[in-house]
Amino acid sequence: MIRLEKRPQPSQAWTTFSPLLAVFLTMVVGGLLFGMLGASPFEAIRTIFWDPLFHPNFAAYSRPQLLVKAGPLILIAIGLSIGFKAGIWNIGAEGQYIMGAICGAGAGLAFYPSESPLIFPLMLLAGLAGGWAWAMIPAVLKTRLGTNEILVSLMLVYVAETILASAASGFLRNPEGMGFPGSRNFKEWGAAHNGELIANTGMHWGVVAAFIAVIAAYVFLSRHIQGFNVRLTGEAPRAARFAGVNPTRVVLFCLGLSGALAGAAGMFEATGPAGQISIDFNAGYGFTAIIVAFLGRLNPIGILLAGLLMALTYIGGELAQLMLSLPGAAIQLFQGMLLFFLLATDVFTNYRIRLSRKEAA
């Protein structure tokens, strides 16, 4: 018989190496998937992971895009990871990302065409507030009525998508856009444009904010009393209550922080790489950031590396669709495999396999 035996304590070796094993298994199974779709498995994996960084024809464009794609993933994942550490499951970061973009863009467009240097900071504050307010809905419902934050935050994503469609075709639509849905282009408005800080690097204020968030989260979780309370709430809820930790405050703090960071990511994206609010503005960053958070072991440094890896799959996936005619759904499935195999290999962090003979009746 094959059975799982609980370890006396979690295995540090499995904790460290299971993300690497998950990536390897994803490559193997993903290669088989691409082979079934008619592409060479080795060529597909090379196109996704190697060509964006080292191919002479693609690297000049793809390398700056690595930071562009990684910035929002890291920023959102940092906020989610703090909640996850406390056992608070915000699955609706995509909705908070959308609402932050709408609020940030709306705040700026209210002062169009002003070139005041205060426009961009105002948009950032509005983006933070929009994401925070949207996250407060599941937070208040959970603390007041005992609802499940997973379901509420997830359902609010679809509400946010409806509001996004309404904004792009209604109250934020460009009055000079000849009736086409979409807001004004922020790339043509200097005061509101989140452009590159260093040419041809992909570095913009959203990427800077992501790096700051990584450092701040590391200090918060390892040096601040509130960070200790967050970790204690997730690891030992009863001990946290005996220590005087207020669970309501932890829920409001964690959901509010993750919502604010997701909203900021949406605002940075709308005013930078995307350039405008459109019907298809949301690119799934809020959902992909969940994979990034777990792949990074809910550790800020790990999230930084996982965000760069996931950004590479975005860029390489687009390249594979172009060069190998792979469907976009296959690339999304390939990305989802990372979380699937990570959860599978994580079992062995707390359990070991034991072989035993079945006893006679």
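Residues numbered from 1 in each chain as written. Predicted model: local features only at pLDDT ≥ 70, side-chain atom pairs only at ≥ 80, totals over all residues. Heavy atoms only, no water.

### Considerations on a nonpolar patch on the surface
Step number 1: Side chains of I2, L4, V347, Y351, I353 and L355 sit close together on the surface and give an oily, nonpolar patch of about 600 Å² of accessible area.
Step number 2: Looking at the nonpolar patch, the elements that each hand over two or more residues are β1 (2-6) and β2 (351-355).
Step number 3: Tallying contributions element by element places β2 first for the nonpolar patch, with three residues. (Patch = residues over 30% accessible without salt bridge, like charges linked within 9 Å, V, L, I, M, F, W, Y side chains within 5 Å. Areas by Shrake-Rupley, 256 points an atom, 1.4 Å probe, with all protein chains shown as cover. Salt bridge = Lys/Arg side-chain N within 4 Å of Asp/Glu carboxyl O. Helix = DSSP H or I, 4+ residues; strand = E, 2+ residues; numbered from the N terminus.)

### Comments concerning unusual backbone geometry
Step number 1: The omega angle of the peptide bond from Y112 to P113 is 5°, so this bond is cis rather than trans.
Step number 2: Note on placement: P113 falls in the loop between α5 (93-109) and α6 (119-145).
Step number 3: Non-glycine residue M178 carries a positive phi angle of around 55°.
Step number 4: In this structure, M178 sits in the loop between α7 (149-169) and α8 (205-223).
Step number 5: Although it is not a glycine, R297 adopts a positive phi angle of roughly 65°.
Step number 6: Within the secondary structure, R297 sits in the loop between α12 (285-295) and α13 (300-324).

### With respect to α7
Step number 1: For α7, spanning 21 residues, the distance from its first C-alpha to its last is 30 Å, which sits close to the expected 30 Å at 1.5 Å a residue.
Step number 2: Of all the positions in α7, only E149, V152, S153, L156, V157, A160, L164, A167 and A168 are classed as buried.
Step number 3: In this structure N148 caps α7, since a side-chain oxygen of it lies 2.7 Å from the backbone nitrogen of I150. (Expected span 1.5 Å × (residues − 1). Buried < 20%, exposed > 50% of the residue type's maximum accessible area, 1.4 Å probe, protein only. Polar contact = N/O pair within 3.5 Å; in protein donor to acceptor, adjacent residues only side chain to side chain.)

### Comments concerning the layout of surface pockets
Step number 1: Empty space within the largest pocket amounts to approximately 310 Å³.
Step number 2: As for the largest pocket, its lining consists of 15 residues, and the residues nearest its centre are A283, Y314, G328, Q332 and Q335.
Step number 3: Elements with a contribution of two residues or more to the lining of the largest pocket: α12, α13 and α14 (328-350).
Step number 4: No other element matches α14, which puts five residues into the lining of the largest pocket.
Step number 5: Tallied by class, residues from the lining of the largest pocket come to five nonpolar, eight polar and two charged. (1 Å grid on protein atoms, 1.4 Å probe; cavity = no way out; pocket = protein on both sides within 12 Å on 5 of 7 lines; lining within 4 Å. Points joined across faces, edges and corners; volume = space filled by probe spheres on them. Nonpolar A, V, L, I, M, F, W, Y, C, P; charged D, E, K, R; others polar.)

### Brief notes about the environment of L333
Step number 1: Positionally, L333 belongs in helix α14.
Step number 2: Along the chain, L333 and I74 lie 259 residues apart, while their C-alpha atoms are 21 Å from each other.

### Focus on empty space enclosed by the protein
Step number 1: Tallied over the full model, the rule gives two cavities of 30 Å³ or more.
Step number 2: Its volume calculated, the largest cavity comes out at about 50 Å³.
Step number 3: Taken together, G71, P72, L75, H204, G206, V207, A265, F268 and E269 make up the full set of residues lining the largest cavity.
Step number 4: Contributions of two or more residues to the lining of the largest cavity are made by α4 (59-85), α8 and α11 (247-271).
Step number 5: For the lining of the largest cavity, the per-class residue count stands at five nonpolar, three polar and one charged.
Step number 6: Lining the second largest cavity are L67, A70, G71, I74, V207, A210, F211 and L308.
Step number 7: Of all the secondary-structure elements, those providing two or more residues to the lining of the second largest cavity are α4 and α8.

### Focus on the packing of aromatic side chains
Step number 1: Under the counting rule described, the total for this entry stands at 15 aromatic pairs.
Step number 2: With a centroid separation of 5.4 Å and an interplanar angle of 40°, the aromatic rings of F34 and F334 are classed as tilted. Taken together, the positions of F34 in helix α1 (residues 12-36) and F334 in helix α14 put the pair 300 residues apart, joining distant regions of the chain.
Step number 3: Of the residues examined, F334 reaches a relative accessible area of 2% and is grouped as buried.
Step number 4: An angle of 20° between the planes, with centres 5.2 Å apart, marks the rings of F84 and F294 as stacked. One end of the pair, F84, is in helix α4; the other, F294, is in helix α12, and 210 residues separate them in sequence. Both residues of the pair, F84 and F294, belong to the buried class.
Step number 5: Joined through ring pairs, the aromatic side chains of Y97, F281, Y285 and Y314 make up one cluster.
Step number 6: Of note, K6 hangs over the ring of Y351, and the distance from its end group to the ring centre comes to 5.2 Å. (Phe/Tyr/Trp six-rings, centres within 6.5 Å; stacked < 30°, edge-to-face > 60°. Lys NZ or Arg CZ within 6 Å of the ring centre and 35° of its normal.)

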